[in-house]
Amino acid sequence: IIEPKNGIVDITAQQGTTEIFKGTKTESYGYNGSFLGPIIRIHKDQTVTFRTKNDLSEPTTFHWHGLEIPGNGDGGPHQVLEPGVTEDVNFTVNQGASTLWFHPHPEGATAEQVYKGLAGLIYIDDENSQKINLPNEYGVNDFPLVFQDRQFNEEKQLNYQAVLNEDGTIGDTLLINGTLNPKLTVGKEKVRLRLLNGSNARNYTFKLNNGATFQQIATDGGFLNQPTDMNEITLTPGERAEVIVDFSKMDDKTDIALINEEGITLLPFKIEQKAASTSNIAQKLNDFGVTEEEKNLPVTKKLELFGMGTMVSINGSQFDMNRIDFTQKQGDTEIWEIYNKPDMMGGMTHPFHIHGTQFKIVSIDGKEPPLNLKGWKDTVSVEAGQTIKLAVKFNNKGIYMFHCHVLEHEENGMMGQVEVK
Ligand code: C2O
Ligand code: CU
Ligand code: CU
């Protein structure tokens, strides 16, 4: 975890080797290290400078996924840093407590650079987050869990080009926080897990092997209004969720694990008897809602997602750096309607993401979203055939990307630009 010193956070993209497999050096990328990155902890209303530096031998950008930041600091494909270059990104934190992340976004190389290890987390705290009694001791009862799948070759190296799949590169090896076969030791208490699906393309469904429910407390960009009981939760690439697992009620002699929908163990827990906090989490966490006015707004932007592989498109076109697809006024709320048009094969789910904003899901196929999607979002899973309405407001000006967060789809042009004036 790093925090601003005199308002400054140094973040350097680097290349090196990391020991993922015992005794083997795997070539990788990372921020402030050779693989993945730190957690940057910042506070609402704080003025911060991210001092970014590119120590890679190729151009990169620093994109803050989920952060409401002026377009020129957003780190999209326009803000390329050549090797050796340093740049300051100044902004004031203007959104509530949340778990965001950051990753590169250079045109044509986003997917490969993320695959090699460029990804980190941003925690935003605010006054509310300190009052609602959540587990918040990092590494004790508050853990980040970054899920990424990778394919290693016989030499235990990541050769992205060799395994690239135009519909999303997947791998047979799960890494959590960059670690192979991790275990998590927890106390007999309520534990907060901050889940990020940082994969290029794979979706994850999480549940507990003993059938216990857990409580979801946050979406991508903030707390739900109340802790929401869940049996399982699915995250598409780019999405986050915070959940509370209550280990105080679990038997420490049985094996508890986080599993996927096929019952495969993703993360085993080891429950330790240790002095643990027993505080009760507040029942009211936030004050989020879609207003009547927002429900009645007309659709002013329509987006049709279509295609597969290299033929993916939004409204029939592919990304062009020199084309602005939409404009929107700063501070105005508009309804974006996202339609995932099926193809002859049925089609696939596209995780739709907008930069520089947290939006509200107004409806999914005309119906209210489920309780656990009633919170701030920046990435939403749009299944084939679905139509999702979003209330979108930008608090800053500039050019922002919107795209499918299957990184190979993004790379293949399933991306557009909105200019906020
Ligand atoms: Cu995770 Cu264009 O972003
Ligand atoms: Cu983003
Ligand atoms: Cu897609």
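Here the residue numbers are simple positions, counted from 1 along each chain's written sequence. Each chain takes a letter, starting from A, and each ligand takes a number, starting from 1, following the order in which they are written. It should be noted that, the model being predicted, local features are given only for residues of pLDDT at least 70 and side-chain atom pairs only at 80 or more, the latter also being counted only at that level, while totals for whole chains, interfaces and linings use all residues.

As annotated in an unreviewed UniProt entry, the protein is Multicopper oxidase from Lysinibacillus boronitolerans JCM 21713 = 10a = NBRC 103108. The record held by UniProt for the protein lists under Sequence similarities (unreviewed entry) the comment "Belongs to the multicopper oxidase family." UniProt positions are given in the numbering used here, feature names are shortened, and annotations may be inferred rather than shown by experiment.

Q: What is the right way to read unusual backbone geometry from this model?
A: Of all residues except glycine, most have a negative phi; of all peptide bonds, most are trans. Of note in the backbone geometry, asparagine 6 takes a positive phi value of approximately 50° without being a glycine. For helices the rule is a DSSP run of H or I covering at least 4 residues; for strands it is a run of E covering at least 2, with both sets numbered from the N terminus onward. Considering the arrangement of structural elements, one finds asparagine 6 in the segment before β1 (8-18). Counting other C-beta atoms within 10 Å of a residue's C-beta gives its exposure: the residue is buried at 20 or more, exposed at 12 or fewer, and partly exposed in between, where C-beta atoms are placed from the backbone. Owing to 5 C-beta atoms within 10 Å, asparagine 6 belongs among the exposed residues under this scheme. Non-glycine residue leucine 36 carries a positive phi angle of around 55°. Counting through the fold element by element, leucine 36 comes out in the loop between β2 (26-31) and β3 (39-43). For leucine 36, a count of 23 C-beta atoms within 10 Å translates into the label buried.

Q: What's the story with the pairing of strand β28 (residues 387-393) in this structure? I'm lost.
A: Looking along a regular strand, one sees the side chains alternate between the two faces of the sheet. Here, any two strands with at least 2 DSSP bridges between them count as paired. By the bridge criterion, seven bridges tie strand β24 (residues 333-340) to β28 in an arrangement that is antiparallel. The residue of β28 that forms the bridge with tyrosine 339 is threonine 387. With four bridges connecting them, strand β26 (residues 360-364) and β28 associate as antiparallel partners. Bridge pairing in β28 places isoleucine 361 opposite leucine 390.

Q: Any chance you could explain the UniProt feature "domain: Plastocyanin-like" (unreviewed entry) in the protein here in plain terms?
A: Per the UniProt record, "domain: Plastocyanin-like" (unreviewed entry) is annotated on residues 14-128, 167-249 and 298-421. From the first C-alpha to the last, residues 167-249 spans 42 Å; its make-up is 0% helix and 59% strand.

Q: Would you take a moment to explain the sheet that holds β24 for this structure?
A: Hydrogen bonding along the main chain pairs the strands of a sheet, whether they run parallel or antiparallel. Judged by pairing direction, the sheet is mixed, and its five strands sit side by side in the order β22-β21-β24-β28-β26 without closing on themselves. If you trace the sheet from one side to the other, it starts and ends with β22 (313-314) and β26, each paired once. Where strand β21 (residues 299-306) and β24 come together, six bridges link them in parallel fashion. Residue pairing across strands places valine 299 opposite isoleucine 335, the latter belonging to β24.

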